[in-house]
Amino acid sequence: MFSRGIQVGALALAILAAGTASAQERKAGKRGDVNVFLKGGLGDYTGDLGDLTSTGPSWGLTLNVQPTTFLGFELGYEGSQNGINDVRILDDGPSIVRQGGSALVKLSPPMLTSVRPFVGAGFGLTYVDVRGTGGGFYDNDTMEEVPLAAGLEFNSGALTAGLRATYRLLIDDAGFANGAVEDSDGGLFDASVTLGARF
């Protein structure tokens, strides 16, 4: 009876110690991080599409969940706008406005939390709206993308900030430009700054 009491007491102490360590780890930002951040930067299309577009602004809002120090998940809204520089279009000012969402899996070195480098890959779905007159060369389209990202995050207390570069590989041809180029393979590259809060 006495030995059973000691075993139960030891088990209770072990659970209490594990719970305290887990709480301290969360408080230190090593596990259970939830980050919400805005991002803004510049981007442009690559390949043949890049010859017909100009660099423009990109923006987004992202929810990041970091269940462990080395694994993270992101879900976000993203947008961008790029001008069309096509001599075949007489009207001035047409542009490509892209809006959509993506999900990303991120990997980081487990020993780094305050300054966290990462790489990530995922899947995205976006709608491209051609604003202005496309001259029959450009049209609205829905595209699937594979975002490949790399960057650096700075975490301190309730704040998070970072720098990142993302290349979005277009899974199928960019249908919005099928009338403009024969081979519309390519992607969209952007570099951005992030700023947000940690919970």
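To keep things clear, this report deals only with the structure shown in the data block. (Residues numbered from 1 in each chain as written. Predicted model: local features only at pLDDT ≥ 70, side-chain atom pairs only at ≥ 80, totals over all residues. Heavy atoms only, no water.)

1. Observations concerning the environment of Gly-60
The topology assignment puts Gly-60 in strand S2 (residues 56–66). Measuring from C-alpha to C-alpha, the distance between Gly-60 and Gly-79 comes to 6.1 Å, with 19 residues separating the pair along the chain. (Helix = DSSP H or I, 4+ residues; strand = E, 2+ residues; numbered from the N terminus.)

2. With respect to a nonpolar patch on the surface
On the surface, a nonpolar cluster with roughly 870 Å² of combined accessible area is contributed by Val-36, Leu-38, Trp-59, Leu-61, Leu-63, Val-65, Phe-73, Tyr-77, Val-105 and Phe-199. Of all the secondary structure elements, the ones that give two or more residues to the nonpolar patch are strand S1 (33–45), S2 and strand S3 (71–83). For the nonpolar patch, the element with the highest residue contribution is S2, accounting for four residues. Note on placement: Tyr-77 falls in strand S3. For Tyr-77, a relative accessible area of 33% translates into the label partly exposed. (Patch = residues over 30% accessible without salt bridge, like charges linked within 9 Å, V, L, I, M, F, W, Y side chains within 5 Å. Areas by Shrake-Rupley, 256 points an atom, 1.4 Å probe, with all protein chains shown as cover. Salt bridge = Lys/Arg side-chain N within 4 Å of Asp/Glu carboxyl O. Buried < 20%, exposed > 50% of the residue type's maximum accessible area, 1.4 Å probe, protein only.)

3. Topic: the sheet that holds strand S6 (residues 141–156)
Around the barrel, which closes on itself, the eight strands sit in the order S1-S2-S3-S4-S5-S6-S7-S8 with antiparallel pairing between neighbours. On average, each strand axis in the sheet is inclined to that of its neighbour by 25°, with strand direction left out of account. Of the pairings in the sheet, the one linking S3 to strand S4 (residues 95–107) comprises 13 bridges and is antiparallel in character. For Gly-79, the partnering residue across the bridge sits in S4 and is Gln-99. (Pairing = 2+ DSSP bridges. Axes fitted to C-alpha atoms, helices over the stretch in contact; angles between N-to-C directions.)

4. Focus on the nonpolar core
Of all hydrophobic cores here, the largest spans twelve residues; its members are Tyr-45, Leu-49, Leu-52, Ile-84, Ile-89, Ile-96, Val-128, Val-130, Tyr-138, Met-143, Leu-170 and Leu-188. Among the secondary structure elements, those contributing two or more residues to this core are helix H2 (47–52) and strand S5 (115–131). (Core = buried A, V, L, I, M, F, W, Y, C linked by side-chain atoms within 4.5 Å.)

5. Focus: the packing of aromatic side chains
Across all of its chains, the model carries zero aromatic pairs by this definition. We note Lys-106 situated over the ring of Phe-118; from NZ or CZ to the ring centre the distance is 4.5 Å. (Phe/Tyr/Trp six-rings, centres within 6.5 Å; stacked < 30°, edge-to-face > 60°. Lys NZ or Arg CZ within 6 Å of the ring centre and 35° of its normal.)

6. What about the pairing of strand S8 (residues 187–198)?
Residues in a regular strand point their side chains to alternate faces of the sheet. Sheet topology note: the S1/S8 ladder contains eleven bridges and is antiparallel. Across the sheet, Asn-35 pairs through a bridge with Arg-198, a residue of S8. By the bridge criterion, eleven bridges tie strand S7 (residues 159–170) to S8 in an arrangement that is antiparallel. What sits directly across from Tyr-167, in S8, is Phe-189.

7. Some details on the environment of Ser-54
When you line up the elements, Ser-54 lands in the loop between H2 and S2. The spacing of Ser-54 and Ser-95 is 41 residues in sequence and 9.1 Å in space, taken between C-alpha atoms. In this view, Ser-54 contacts Gly-43, Asp-44, Asn-82, Gly-83 and Asn-85; residues no more than four positions away in its chain are not counted. (Contact = heavy atoms within 4.5 Å.)

8. Examining the pattern of salt bridges
Per the counting criterion, the structure on display carries 13 salt bridges. Across the pair Lys-106 and Glu-74 runs a salt bridge whose closest N-O atoms are separated by 3.1 Å. Taken as a pair, Lys-106 in strand S4 and Glu-74 in strand S3 lie far apart in primary sequence, 32 residues in all. Considered together, Lys-106 and Glu-74 belong to a single accessibility category, that of buried residues. For Glu-145, the salt bridge is made with Arg-168, and the minimal N-O distance between the two is 3.9 Å. In this pair, Glu-145 is assigned in strand S6 and Arg-168 in strand S7, connecting sequence segments 23 residues apart. Comparing Glu-145 with Arg-168 shows no difference in burial state: the two are buried. Connected through salt bridges with shared partners, the residues Lys-39, Glu-78, Arg-98, Glu-145, Arg-168 and Asp-190 form a single ionic network.

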